[in-house]
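Topology and contacts: notes
Listed below are the residues making up each chain.
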Amino acid sequence: MAAETPHILVVDDHRDIRDSLVQFLEKNGRRASAAENAEAARRILRDETIDLVTLDIMMPGEDGLSLCRHIRETSGTPIILLTARGEEVDRIIGLELGADDYVIKPFSPRELLARIDAVLRRVNAAPRSGEAATGEALKFDRWTLRVPERDLVDEHGASHELSTGEFRLLLTFLQHPRAVLSRDQLLDLAFDRGSDVFDRAVDTQVSRLRRKIETDPQDPKLIKTVWGAGYVFAASVTKG
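Attention in this report is confined to the structure presented alongside it. (Residues numbered from 1 in each chain as written. Predicted model: local features only at pLDDT ≥ 70, side-chain atom pairs only at ≥ 80, totals over all residues. Heavy atoms only, no water.)

What follows is about the packing of aromatic side chains. Inspection of the entire model under this criterion finds two aromatic pairs. Here phenylalanine 140 and phenylalanine 233 contribute two aromatic rings whose centre-to-centre distance is 5.4 Å and whose plane-to-plane angle is 75 degrees, an arrangement assigned as edge-to-face. Placement of the pair is phenylalanine 140 in strand E6 (residues 137-140) and phenylalanine 233 in strand E12 (residues 230-233), with a sequence separation of 93 residues. Classification of phenylalanine 233 by relative accessible area gives buried; the value is 0%. Each member of the aromatic cluster is reached from another via a ring pair, and the members are Phe140, Phe173 and Phe233. (Phe/Tyr/Trp six-rings, centres within 6.5 Å; stacked < 30°, edge-to-face > 60°. Helix = DSSP H or I, 4+ residues; strand = E, 2+ residues; numbered from the N terminus. Buried < 20%, exposed > 50% of the residue type's maximum accessible area, 1.4 Å probe, protein only.)

Turning our attention to unusual backbone geometry. Here the residue pair lysine 105 and proline 106 is connected by a cis peptide bond, since its omega of -5 degrees sits within 30 degrees of zero. Here proline 106 is to be found in the loop between strand E5 (101-105) and helix H5 (109-124). For aspartate 141, which is not glycine, the phi dihedral falls at a positive 50 degrees. Considering the arrangement of structural elements, one finds aspartate 141 in the loop between E6 and strand E7 (143-146). According to the relative accessible area criterion, aspartate 141 is exposed, its value standing at 54%.

Turning our attention to the pattern of salt bridges. In total, this model carries 18 salt bridges according to the counting rule given. In this structure, glutamate 39 engages arginine 43 in a salt bridge whose closest nitrogen and oxygen atoms are separated by 3.7 Å. With glutamate 39 and arginine 43 both in helix H2 (residues 38-47) and four residues apart, the pair spans about one turn of that helix. Here arginine 183 makes a salt bridge to aspartate 203, at a shortest N to O gap of 2.9 Å. Of this pair, arginine 183 sits in helix H7 (residues 183-190) while aspartate 203 sits in helix H8 (residues 202-213); the two residues are 20 residues apart in sequence, bridging distant segments of the chain. (Salt bridge = Lys/Arg side-chain N within 4 Å of Asp/Glu carboxyl O.)

What follows is about the sheet that holds E12. Spatial ordering of the open sheet is given by E10-E12-E11, a layout of three strands whose pairing is antiparallel. The open sheet has two free edges, formed respectively by strand E10 (180-181) and strand E11 (223-226), since each of these has just one partner strand. As paired strands, E10 and E12 are joined by two bridges and run antiparallel to one another. Following the sheet pairing, leucine 181 is matched in E12 by tyrosine 231. Its contacts with the sheet put helix H6 (residues 164-175) on E10, E11 and E12, and the angle it makes with E12 is roughly 65 degrees. Where H8 meets the sheet, it contacts E11 and E12, and its direction lies at approximately 145 degrees from that of E11. (Pairing = 2+ DSSP bridges. Contact = heavy atoms within 4.5 Å. Axes fitted to C-alpha atoms, helices over the stretch in contact; angles between N-to-C directions.)

Another point: the sheet that holds strand E2 (residues 31-35). Read across the open sheet, the five strands follow the order E2-E1-E3-E4-E5; overall the sheet is parallel. The open sheet has two edge strands with one neighbour each: E2 and E5. Strand-to-strand, the axes of this sheet are offset by a mean angle of 20 degrees, without reference to chain direction. Where strand E3 (residues 52-56) lies against strand E4 (residues 79-84), four bridges are found, and the strand directions are parallel. When the sheet's bridge partners are listed, threonine 54 is paired in E4 with isoleucine 80.

A word on H7. When we look at burial in H7, the residues that qualify are Leu186, Leu187 and Ala190. Projection of H7 onto a plane perpendicular to its axis shows the buried side chains occupying an angular sector of 105 degrees, all on one side. (Arc of directions from axis to C-beta.)

The next thing to look at is the packing of H6 against H8. Closest axis-to-axis distance for the H6/H8 pair is 10 Å, and the angle between their directions is 80 degrees. The angle between the axes of H6 and H8 places the two elements in the roughly perpendicular class. Facing H6, whose interface residues are Gly165, Glu166, Leu169, Leu170 and Phe173, H8 presents Gln205, Val206, Arg208, Leu209, Lys212 and Ile213. Residues that form the contact of H6 with H8 fall into these classes: six nonpolar, two polar and three charged. (Parallel < 35°, antiparallel > 145°, perpendicular 65-115°, else oblique. Nonpolar A, V, L, I, M, F, W, Y, C, P; charged D, E, K, R; others polar.)

It is worth spelling out the environment of aspartate 63 at this point. With respect to the helices and strands, the residue aspartate 63 is situated in the loop between E3 and helix H3 (64-74). Residues aspartate 63 and alanine 38 lie 25 residues apart in sequence; the distance between their C-alpha atoms is 7.1 Å.

This is how it looks when you write it as structure tokens:
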């Protein structure tokens, strides 16, 4: 990821929105590219280094949810969905597909910029107090989380992609094994309170993480629900 000037890809089929957002982002010190549809976005993602995608859900042809799925399957690039107020189901689906945040239309460019900066801070955040040191790997069950690389590796050495939210959540659990953590505690430890999306999406992030690390996500043995209290990471964690 670019250390000095983040490169933002704006994907929206409305030219006025695309152009105004690109101009606003560039005026505020960010590099920005625009794509009018999913096909154009795929080309840019293939040819350029993109630090974050703002993605309109409702587009003709391949919609934003399909593109969101493609991005998450092929990279860890952060995604912020742009959604209409009545698209709650689509927002939930987008979060389940791995989007990092969403902004409801109509929105102010400054709100979107604040969300972009918040997501990028999470991606680039230095380890907090108590977090694993640089170069450290955390091992649990049949998995190894290589912290600096944000890489989840199974017992066969295969790498499994994690979204920003999944990585932060898993790292928080690994730092607090066998401790019951409430949703509020998970928000404080794993996410930025400034983004209200996570207040409604902790359960979704847990569900997505379970699908990746549990042998049977319907009968989880690693991340267990403590009814009325929150969640507990039930496995032993070792440093390696």
